[in-house]
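Descriptive structure summary
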Amino acid sequence: VGKPLCSTLPASLHDVENMVSEALQQAYHKQGLQWDITQLEGTNALDRDVLKKLLRQVIQKERENAEQVVIQAQELKVEKNIKIGGRNVLLTGAIDRLDWINNDINRVIDYKMGAVTLYSAKDKVTVLDIFCDKGKFDIQGYMSAYLLERYPVEVAFYDLTHHVRTISMPEITPHILSQFETALQAILSEILDESTPFIQKSNKDTTVMSAYASLLS
């Protein structure tokens, strides 16, 4: 539901309501839920109303930036081969949305329903430093730009739980992505090395939401 509704923004509030209802109905059907959204009750009705509010906010934000932004693609599949030791590894991913800004910059957009935290310039971290629990959004951003292979590029996250605010990553350059590739190769080499055993995390708090959390009990 967080995906863009269409590349042509509605001209009136009436059009907004029609577009929101249609997009939400399609999203339910896509998930295999053959519900009529006008007939929902209880918690399902509350969920519907929250989602419709978020979609209205997304549309309003897009209308504010419509003159500068052209939506190039939505749910774009990307892939790239990377050398790990003596083997080729195919990396694949999906980009929620790709914009073309001011006829100059490719912007990768990712929609989030939870809080987004990124390292800032004042943290003075290296590309290798982001490969930790705290850097998961930074990793995702760099990975999206790395797989996209278009320049110039920037990455932004739409935080849909905080009035659709945009959180942008620092400038991403080919040099930075070259460093990211080197760090990624090192991490994947270790993961794929059969002689290196996996070690369980000692901090259970970092795995509480994992499907495998019971292995630490």
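Residues numbered from 1 in each chain as written. Predicted model: local features only at pLDDT ≥ 70, side-chain atom pairs only at ≥ 80, totals over all residues. Heavy atoms only, no water.

**Here we look at the environment of Ile101**
Mapped onto the fold, Ile101 is located in strand 2 (residues 87-101). With 32 residues separating them in the primary sequence, Ile101 and Val69 have C-alpha atoms 4.8 Å apart. The residues contacting Ile101, other than those within four sequence positions of it, are Gln68, Arg107 and Glu154. (Helix = DSSP H or I, 4+ residues; strand = E, 2+ residues; numbered from the N terminus. Contact = heavy atoms within 4.5 Å.)

**A few points about the side chain of Asp138**
In this structure, Asp138 sits in helix 3 (residues 136-148). What Asp138 contacts, discounting residues up to four positions off in sequence, is Thr117, Leu118, Tyr119, Ile130 and Met169.

**Observations concerning the packing of aromatic side chains**
Here the structure, examined in full by the defined rule, presents six aromatic pairs. Between Phe131 and Phe180 the ring centres are 5.7 Å apart and the planes differ by 20°, which places this aromatic pair in the stacked class. One end of the pair, Phe131, is in the loop between strand 3 (105-112) and helix 3; the other, Phe180, is in helix 4 (residues 174-192), and 49 residues separate them in sequence. By relative accessible area, which is 22% here, Phe131 ends up partly exposed. Using a relative accessible area of 0% as the deciding quantity, one classes Phe180 as buried. (Phe/Tyr/Trp six-rings, centres within 6.5 Å; stacked < 30°, edge-to-face > 60°. Buried < 20%, exposed > 50% of the residue type's maximum accessible area, 1.4 Å probe, protein only.)

**Digging into the sheet that holds strand 5 (residues 165-168)**
Strand pairs in the sheet, formed through backbone hydrogen bonds, run parallel or antiparallel to each other. Reading across the sheet, the five strands line up as 1-2-3-4-5 and stay open at both edges, with mixed pairing between neighbours. Two strands bound the open sheet, and with one partner strand each, they are strand 1 (69-84) and strand 5. Averaged over neighbouring strand pairs, the angle between their axes works out to 40° when direction is ignored. Examined bridge by bridge, strand 3 and strand 4 (residues 153-159) share seven bridges and lie parallel to one another. The residue bridging Arg107 from the neighbouring strand is Glu154, located in strand 4. Strand contacts of helix 3: strand 1, strand 2, strand 3 and strand 4, with the helix running at about 95° to strand 2, the strand carrying the most contacts. (Pairing = 2+ DSSP bridges. Axes fitted to C-alpha atoms, helices over the stretch in contact; angles between N-to-C directions.)

**Some words on the pattern of salt bridges**
One pass over the full model with this rule turns up six salt bridges. Arg48 is paired through a salt bridge with Asp49; the nearest N and O atoms lie 3.0 Å apart. Among the ionic pairs, Glu149 bridges to Lys80, the shortest N-O distance being 2.9 Å. With Glu149 in the loop between helix 3 and strand 4 and Lys80 in strand 1, this pair connects stretches of sequence that are 69 residues apart. In this structure Lys80 comes out as buried when scored by relative accessible area, which is 16%. When salt bridges that share partners are traced, they join Arg97, Asp99 and Arg107 into one network. (Salt bridge = Lys/Arg side-chain N within 4 Å of Asp/Glu carboxyl O.)

**Some points on the nonpolar core**
One finds Leu91, Tyr142, Tyr146, Leu148 and Ile172 to be the most contacted residues of the largest nonpolar core, which totals 32 residues. Mapped by element, the contributors of at least two residues to this core are strand 1, strand 2, helix 3, strand 4 and helix 4. Each residue touching Leu91, except ones within four places of it in the same chain, is listed here: Val78, Glu79, Lys80, Ile82, Met143, Tyr146, Leu147, Leu184 and Leu188. Counting nine residues, the second-largest nonpolar core is a separate cluster that includes Val20, Leu40, Ala45 and Ile59. (Core = buried A, V, L, I, M, F, W, Y, C linked by side-chain atoms within 4.5 Å.)

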